[in-house]
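Read off the chains here:
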Amino acid sequence: MKTLSNFIGGEYCPPISGKYLDSFNPSTGKVHCLVPDSDNADVERAVASAHTAFAKWRKTTRKQRAAILNRVADLLEERIDEFALAESQDQGKPLSLAKDIEMPRAIDNFRFFAACLLNQGAHAYEMDGEGINYTNRLPVGVTGLISPWNLPLYLITWKIAPSLAVGNTAVCKPSELTSLTAYMLAEVLNEAGVPPGVCNIVLGTGAKAGAALTAHEKVPLISFTGGTATASSIASTAAPLFKKVGLELGGKNPNIIFADADFDKCIPTTVRSSFQNQGEICLCGSRILVEESVYDIFVERFLVAVKDFKVGDPLNEGTNMGALVSAEHLNKVRSYIQMAVDSGGKVLCGGDSPKLDGELQGGYFLNPTVVTGLNDDCRVLQEEIFGPVVTISTFKTMDEAIAKANNVRYGLSASIWTQDISKAHRTAQQLDTATVWINTWMRRDLRVPFGGMKDSGLGREGGEFSLDFYSELKNICVHF
Ligand code: TXE
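The rules we used
- Residues numbered from 1 in each chain as written.
- Predicted model: local features only at pLDDT ≥ 70, side-chain atom pairs only at ≥ 80, totals over all residues.
- Heavy atoms only, no water.
- Helix = DSSP H or I, 4+ residues; strand = E, 2+ residues; numbered from the N terminus.
- Buried < 20%, exposed > 50% of the residue type's maximum accessible area, 1.4 Å probe, protein only.
- Pairing = 2+ DSSP bridges.
- Right-handed = clockwise from strand over helix to strand, strands pointing away.
- Expected span 1.5 Å × (residues − 1).
- Near = heavy atom within 4 Å.
- Polar contact = N/O pair within 3.5 Å; in protein donor to acceptor, adjacent residues only side chain to side chain.
- Areas by Shrake-Rupley, 256 points an atom, 1.4 Å probe, with all protein chains shown as cover.
- Nonpolar A, V, L, I, M, F, W, Y, C, P; charged D, E, K, R; others polar.
- Arc of directions from axis to C-beta.
- Phe/Tyr/Trp six-rings, centres within 6.5 Å; stacked < 30°, edge-to-face > 60°.
- Lys NZ or Arg CZ within 6 Å of the ring centre and 35° of its normal.
- Axes fitted to C-alpha atoms, helices over the stretch in contact; angles between N-to-C directions.
- Salt bridge = Lys/Arg side-chain N within 4 Å of Asp/Glu carboxyl O.

Novice: What is the right way to read unusual backbone geometry from this model?
Specialist: Across the chain, the bulk of peptide bonds are trans and the bulk of non-glycine residues have phi less than zero. The phi angle at Gln 278 is positive, at roughly 60 degrees, despite the residue not being glycine. Tracing the backbone shows Gln 278 in the loop between helix H9 (263-275) and strand E14 (287-291). Here Met 442, not a glycine, exhibits a phi torsion of approximately 50 degrees, which is positive. For Met 442, the position within the fold is in the loop between strand E20 (435-438) and strand E21 (450-451). Classification of Met 442 by relative accessible area gives buried; the value is 12%.

Novice: Can you help me understand the pairing of strand E12 (residues 244-248) in this one?
Specialist: Regular strands show a simple pattern: their side chains alternate between the two faces of the sheet. Across the five residues that make up E12, a large majority, four, are buried. When strand E11 (residues 221-225) meets E12, the two strands line up parallel, connected through five bridges. Bridge pairing links Ile 222 to Val 245 in E12. Between the parallel pair E11 and E12, the chain is carried across by helix H8 (residues 228-238), and the sense of this crossover is right-handed. Pairing of E12 with strand E23 (residues 457-458) involves two bridges; the strand directions are antiparallel. Residue pairing across strands places Leu 247 opposite Leu 458, the latter belonging to E23.

Novice: Is there a simple way to explain helix H5 (residues 152-166) in this structure?
Specialist: Given 3.6 residues per turn, any residue in an α-helix points the same way as the ones three and four places further on. Helix length check: H5 (15 residues) gives 22 Å between terminal C-alpha atoms against 21 Å at 1.5 Å per residue, within 8%. Taken across its 15 residues, H5 has 15 buried, putting it largely inside the fold. Following H5 by one or two positions, Gly 167 adopts a phi angle in the positive range, close to 110 degrees.

Novice: What is the right way to read the site of the ligand from this model?
Specialist: As a structural note, the neighbourhood of the ligand is formed by 29 residues, with Trp 149, Lys 173, Glu 176, Lys 332 and Glu 384 the closest of them. Within the side chain of Asn 150, an N or O atom sits 3.4 Å from an oxygen atom of the ligand. Side-chain polar atom of Lys 332 to an oxygen atom of the ligand: 2.6 Å apart, as the coordinates give it. Expressed as a share of its isolated accessible area of 810 Å², the protein-covered part of the ligand is 84%. Mapped onto the shell around the ligand, the elements with two or more residues apiece are helix H7 (206-215), E11, H8 and helix H11 (327-342). Here the shell around the ligand takes four residues from H7, the largest share from any one element. Among the residues making up the shell around the ligand, the classes are represented as 10 nonpolar, 14 polar and five charged.

Novice: Help me understand helix H1 (residues 40-57) in this model?
Specialist: Between its first and last C-alpha, H1 extends 25 Å over 18 residues, near the 26 Å set by a 1.5 Å rise per residue. Among the residues of H1, Asp 42, Val 43, Ala 46, Val 47, Ser 49, Ala 50, Ala 53, Phe 54 and Trp 57 are the ones counted as buried. One side of H1 holds all its buried residues, which, seen down the axis, span an arc of 165 degrees. With respect to the buried face of H1, the exposed residues turned more than 90 degrees away are Asn 40 and Thr 52.

Novice: What exactly am I supposed to notice about the packing of aromatic side chains here?
Specialist: The relative placement of two aromatic rings is captured by the distance of their centres and the angle of their planes. Per the stated rule, a full pass over the model turns up 10 aromatic pairs. Between Phe 469 and Tyr 470, the ring centres sit 4.8 Å apart and the planes meet at 65 degrees, which makes this aromatic pair edge-to-face. One exposure class covers both Phe 469 and Tyr 470, and it is buried. Over the ring of Phe 450 we find Arg 444; its NZ or CZ atom is 4.5 Å from the centre of that ring.

Novice: Could you clarify how one ought to interpret the sheet that holds strand E25 (residues 471-479) in this entry?
Specialist: As summarised here, the arrangement of the three strands in space is E6-E7-E25, forming an open sheet in which the pairing is antiparallel. A single partner strand is all that each edge strand has here, and the edge strands are strand E6 (123-126) and E25. Adjacent strand axes in the sheet meet at a mean angle of 20 degrees when their direction is disregarded.

Novice: I tried to follow the pattern of salt bridges on my own but got confused; where do I start?
Specialist: Should the charged atoms of two oppositely charged side chains come close, the side chains can pair. Enumeration according to the criterion identifies 19 salt bridges in this entry. Here Lys 99 ties to Asp 81 by a salt bridge, and the two come within 3.2 Å at their closest N and O atoms. Taken together, the positions of Lys 99 in helix H4 (residues 95-119) and Asp 81 in helix H3 (residues 80-91) put the pair 18 residues apart, joining distant regions of the chain. We classify Lys 99 as partly exposed; its relative accessible area is 35%. By relative accessible area, which is 47% here, Asp 81 ends up partly exposed. We note a salt bridge from Lys 93 to Glu 102, for which the minimum N-O separation is 2.8 Å. A relative accessible area of 0% places Lys 93 in the buried class. Residue classification places Glu 102 among the buried positions, given a relative accessible area of 5%. Look at the salt bridges and you will find they share partners, linking Asp 74, Glu 77 and Arg 111 into a network.

See below:
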């Protein structure tokens, strides 16, 4: 069993209190590493280290910073198998998903923001021959980066790369449930030449380490990805301190399937958008809305495809879905299935756990679950379940589909399936979500604005939007 430590000032250090938390392998239910239960004192040390390092790091050239970020990417790539295995064992996700999609995306985060940095220009505003304004991006200082457990390395690197690129230093607080790959990243950062103190990692709970970081007066920016309730508490701490805050939160994303959809493409993608990573992705399409005239055929074909989506040992090549992240989360997801039954819903498949052998019997597995027959205002269709549970309901017209899609407090993403291009655009324009995919799902381009409307978040990140968020814009006006 591994005992993890914090990473402060370029060194691994145990929590000052000497206390640790158990971290479980979700596919066996056994403790597989001990995570520091860091508190105020550790955060204080990390912020002090980041603060000292900022003075030098902010003065490095863009070329120097880009070279270091690219080196991080290269070293991660060399160790991709090791990182993918650790991520799978720590989070429960299929090894193939970690290796083929998430680790490459984590690596891309570093390469992408290194390139962004080298390519960025400055805006200038001429004043009719009288003078000119030009606008600089300055680093903000020590950034607090708080990330969740569903895509651990991918989401923490999505924050570290742009923050460091701009010239900030960072104190990262990964989820206490999945700290292993962030801990391993520390070694890569050192080896790549990230100077001591530029990127610190404090492990522990949100209530202690996360809250201390959020409240710290020397941390002027907080980037948070996680649940809406936590975000509300972070926002209320940060607002009176006038911190910059970026919040990427949950979703209750609709998949709108019109009668003319190309089912050969729509069905497999909708199965993935429902159940990839055990449904533990904020972008999962958890509400499937199908045009009434094709409802029966859609459900029939969807169920056939879901039966082929294999749940089991995350380390097996052919596994599509692994274990949920924790026993507590599994219970939460099960409680929504029970709620669906109690509310008169019909469970068409799933709802139970697969029968697995050996050590896997202790894992937090759940079969992909499809529910129909619920009203739109039922909590199962309103709240983020964040597990392998989708509902299917019907609509008759485009307006009804849009009204149903928008009838939730969330506004993260949506998918639309139709071969009628103008209907697709008209629908997309009217959806209250920050991202709309047409005839696809989760096709990411790191340049585009990413974030959420309504209760799905505040602000946008990605490309130039990240560079803006992680910096202060300064305008300089020159009179001719
Ligand atoms: O996340 P939390 P939880 C949703 C999903 C899930 C629900 C709750 O619906 O079921 O949120 O998940 C840290 N101050 N998403 O409770 O608590 C915490 O330690 C500062 C959607 O596990 O939001 C972790 O590092 N930090 C989502 C991070 O916040 C605090 C991904 C996220 O944990 C803190 C995950 C505090 N007071 C869950 N309390 C997405 N958008 O993808 C906790 N943290």
